Amino acid sequence: DKVNRALHVRTDTPAMKAALSALATLPSSTSTSSTADNNNANGVIDAKSVRAAIETDALRRALQFQTELQKLARDATVLRERVDTVARVAGHIGRIVDGRIISKEQADVLLHGDESGGGGGELYGRSGGVVEDTTTSSWELERTLASKLHAAHKSYVDATHRQIAVDAFLDKFDLGDNEARLLDHYNFQGFILPGEYEYEDSSNPWCHPSAALHINPNPSGETMEDATSFLNALERLVVIRMELSKTFGNSSGGIVSGGGVEGTMDESMFDHDNIGQDNDTIGNRSSSSGQLGTNSALRMMEQLATRQERAYERLYTFIQYFLGIGSATPNSHHNVPTSSNDAGRSYSASLDASQFGALGRFQDGDDMDEAFGHPIIRRALRVLRHSPAHHVHALELMASSRRTEVTRRFLLALTSGYGGMAPLEMRAHDPVGYVGDMLAFCFRAFRVEGELVKTLFLSEKEDGGLEEKEQDEEYDDTIDSRPMSASELLAQSMGGLSRPLKTRLSQVIMSLASQGGAVTGDGSGGAIQPGDDEDTSSSLNRLVAIYSVSGLLRFYCSAIEKALEKAQAENEVITESPLLTTCDECLAEAADCYVASLRAYGAMLGSHSLSSSQTEAHLAQRAIMLIADERVASPGFADDALDTVGDDLVSKQLSLSFLVSTMVDAAMTHLKTLDGTSALKSAVNAASKSGLDAKETTKWMALIDEKEQNLVEVLVGTEADIVLEECGLGAIRSAIKDMDRVYIEGMTMSSHPGLSRKEVEAAMKKFYSSLFSPPIPTFEDVIKDAQLRKIARSRTAQIVIDLYQEVYGALSSERG
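Here we summarise the structure given alongside this text. (Residues numbered from 1 in each chain as written. Predicted model: local features only at pLDDT ≥ 70, side-chain atom pairs only at ≥ 80, totals over all residues. Heavy atoms only, no water.)

Quick look at the packing of helix α25 (residues 729-742) against helix α27 (residues 786-812)
Just so we agree on the cut-off: Every angle, taken between N-to-C directions, lies between 0 and 180 degrees, and every axis is a line fitted to C-alpha atoms, over only the stretch in contact when it is a helix. Numbering of helices and strands starts at the N terminus; helices are DSSP runs of H or I of at least 4 residues and strands are runs of E of at least 2. With respect to orientation, any angle under 35 degrees is reported as roughly parallel, any angle over 145 as roughly antiparallel, any angle of 65 to 115 as roughly perpendicular, and every other angle as oblique. Should the near helix be turned anticlockwise from the far one by less than a right angle, the crossing is termed left-handed; should it be turned clockwise, right-handed. Here a residue-residue contact requires only that any non-hydrogen atoms of the pair lie within 4.5 Å.
At a closest axis distance of 11 Å, the pairing of α25 and α27 adopts a crossing angle of 55 degrees. Here α25 is positioned oblique relative to α27, judged by the angle of their axes. The handedness of the crossing between α25 and α27 is left-handed. Facing α25, whose interface residues are Leu729, Ile732, Arg733 and Ile736, α27 presents Val800, Leu803, Tyr804, Glu806 and Val807.

Observations regarding unusual backbone geometry
The general pattern is negative phi for most residues beyond glycine and trans for most peptide bonds. Convention followed: Throughout this description, buried means an accessible area under 20% of the type-specific maximum (1.4 Å probe, protein chains only), exposed means over 50%, and partly exposed covers the range between.
A positive phi angle, near 60 degrees, is found at Phe188, a position not held by glycine. Take Phe188: it is sitting in the loop between α7 (177-185) and α8 (221-248). The exposure class of Phe188 is buried, given its relative accessible area of 0%.

Things to note about the side chain of Asp57
Rules: Residues adjacent in sequence count toward polar contacts only when both atoms are side-chain atoms; beyond that, a polar contact is any pair of N or O atoms within 3.5 Å, and within protein one must be able to donate a hydrogen and the other to accept it.
Residue position: Asp57 is located in helix α4 (residues 47-98). A polar contact is formed between the side chain of Asp57 and the side chain of Arg60, at a distance of 2.4 Å.

Remarks on the nonpolar core
How we decide: Remark: nonpolar core denotes a set of buried residues (Ala, Val, Leu, Ile, Met, Phe, Trp, Tyr, Cys) joined through side-chain atoms within 4.5 Å.
With 148 residues, the main nonpolar core has Phe230, Leu315, Phe318 and Tyr594 as its most contacted residues. Considering each element in turn, this core owes the most residues, 14 residues, to helix α16 (residues 534-569). Judged by nonpolar contacts, the second largest core, of 19 residues, contains Ile736, Phe767, Val800 and Leu803.

Regarding helix α10 (residues 365-372)
Stated formally: The arc in question is traced by the directions running from the helix axis to the C-beta atoms.
For α10, every residue scored as buried is listed here: Gly365, Met368, Asp369, Ala371 and Phe372. Along the axis of α10, the buried positions cluster into a sector of 160 degrees, meaning they face one direction only.

Describing the packing of aromatic side chains
Applied cut-off: Centres within 6.5 Å make a pair out of two Phe, Tyr or Trp rings, where for Trp the six-membered ring is used; the pair is then stacked when the planes are under 30 degrees apart, edge-to-face when over 60, and tilted otherwise. We call a charge positioned over a ring when the NZ of a Lys or the CZ of an Arg lies within 6 Å of the ring centre and within 35 degrees of the ring normal.
Inspection of the entire model under this criterion finds 16 aromatic pairs. One aromatic cluster is present, built from ring pairs that chain together Tyr186, Phe188, Phe191, Phe230, Phe318 and Phe322. Its guanidinium or amino end placed over the ring of Phe372, Arg402 lies 5.0 Å from that ring's centre, counting from NZ or CZ.

Quick look at the environment of Phe443
The residue Phe443 is located in helix α13 (residues 431-456) in this model. Once the C-alpha coordinates of Phe443 and Tyr556 are considered, the two residues, 113 residues apart in sequence, prove to be 7.3 Å apart. Ignoring any residue separated from it by four or fewer positions in sequence, one finds Phe443 in contact with Tyr556, Ala559 and Ile560.

Below, the structure is given as structure tokens:
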């Protein structure tokens, strides 16, 4: 039983834990008997040692508990003393609150002042003397004093609020000293080359007639900072005027001049003149103070409007002189130069102008492009948007200048060369190369102008600023007052190319469409073959050249449309492009000329065949294959270009289906040999590899196969007659046919001429002897296709077999 209880002893009880802790700290020297010593020496602990350890631990814990109780008693004593102190202080404060705040003498001094002083309030009469009221209690005096103190404090708080409002108004609507100085006096002086000339009016350096010729395109960093600060100040001035308009727009019965935005007035912002007045006085003067604040705001807006207008005028003048547009345009721009000699023409604006050419201060077109892309110009244009008149006129001048410059470059490229290239007119003998060079130059100019215009119309966010381009509300709804969009400016810039480009393209197309004169060159699409007639080859070369020109026009139309679609994807309003219109019109003209030339060439296949060593089918094959090869090589007929242009009339005219149908139809009427059918099949296969539709391919191949079968039948019949004559059956077949025409009842074959026994035996003997070497033709000279030759030989042999069976049957019958 003891063993079982020992096995179930719990070691997690407090008593057991205390016993185990005491055992752990039990020293070996505490044994009181020799037995215990022996047991300890042997490592055995008896019950007495355990009991002694437990008692020692209990005593130690009792001492610790006694110490804690003594400490708690001391803390309670200190707390009681502190509570008594707080009670005494509270009682003292209560006595003070219940007692008199000030004495009667002190109240008289505070309320009445000295005997000679005047005051106000309830204790004073209208004459300012003291009203002796000995019955007034100290409590009433204290209430009166508290009322005065409250009024004074309220006045102080109101004055503080008004001062904060005034400070906030000045921070929001007032310009800094540096901003005001820039708006009043800055005129972009740092953009003029130093030491070039002296100008009398120090405030307007642009009054000199040669100012536009001495621009510093790369000014110092300080000049750039000043210009940027001026533009920032001008934008801040616009914001200030707009905020003033919003705040005081309705106070004067409408929109404030120059604001453009209606709003309500916060009269409390300008009510600071009433500080220190009584409540009644403040209430009586609130309306007059508000009117005073509104008048002050109106005067401020008038001053800001005058300052803003002068700043805009200086900015507008700087843009003209920096870009050389408007009043700063060289006189030579009035006559657009058409050759490199015109680049040195001088104008008589001043004595210094003779040193410069048609471009003024710009050395070449690249310098002008850099000037239009200058960061100050881009920022200035954006700031100028808030002045509709200046902005609209500046954009019109820039568009006119870019139109003149682009046209000048194109005419120079045609006659004298531009950008290190040879004159384009030097390749006028090669129509395809000539058209390709002109279109490539125009498209490069289109892309350059597009990037330049896009740069000019960058918003602040796109150009590294803080906010997006905002819609201006200053413009009227009329069309004339609206500024040009990016697409309109681009269309205006490229408009000068339309007439000269269209004139030259039309000349090339009409010369290729004419049937007289030979056109040769690398772009003609096909070379003259030995033995070909010159007129035939030149007609085919012109036809291929027209198709190649159409492909080039199609490619550049597609490229321009893609560029315009990209601009539309960027939420840009699309304006009709004169360059695209010109290319579309020339493409339609080229397609019509190609159709007419193709039909004319097909109608003249017979005459071309008589003057050359080729058949009509081979001429048609050559035309189809050359045009198909040109279609594959031309970028205008690639998949992306086809997807862009779409399925319109021009696409149908330039399609391979129309080409194959026109040429094959024309050649089928002249088809007399199997070589011709093979040539047409080869042409259709070439067109199929170049993109001809599978249905069209199957259709034309079936027609050609049908024609080929007819030709094979005729050829086999002719060759079979020759074979029958050689093998001896020809005469018998003729005699049998003659007998069938005159046959009567009871007539025998032996009685008919040519069918006697001797003649038949001789013919059959000759036939049997020919079986050792049958005279079947190989058709190698007539039929190029091996499979078709095999079929022709088989049909020829079958005709001989059929005739032999017919003769044998006739001889074996009753008639024989």
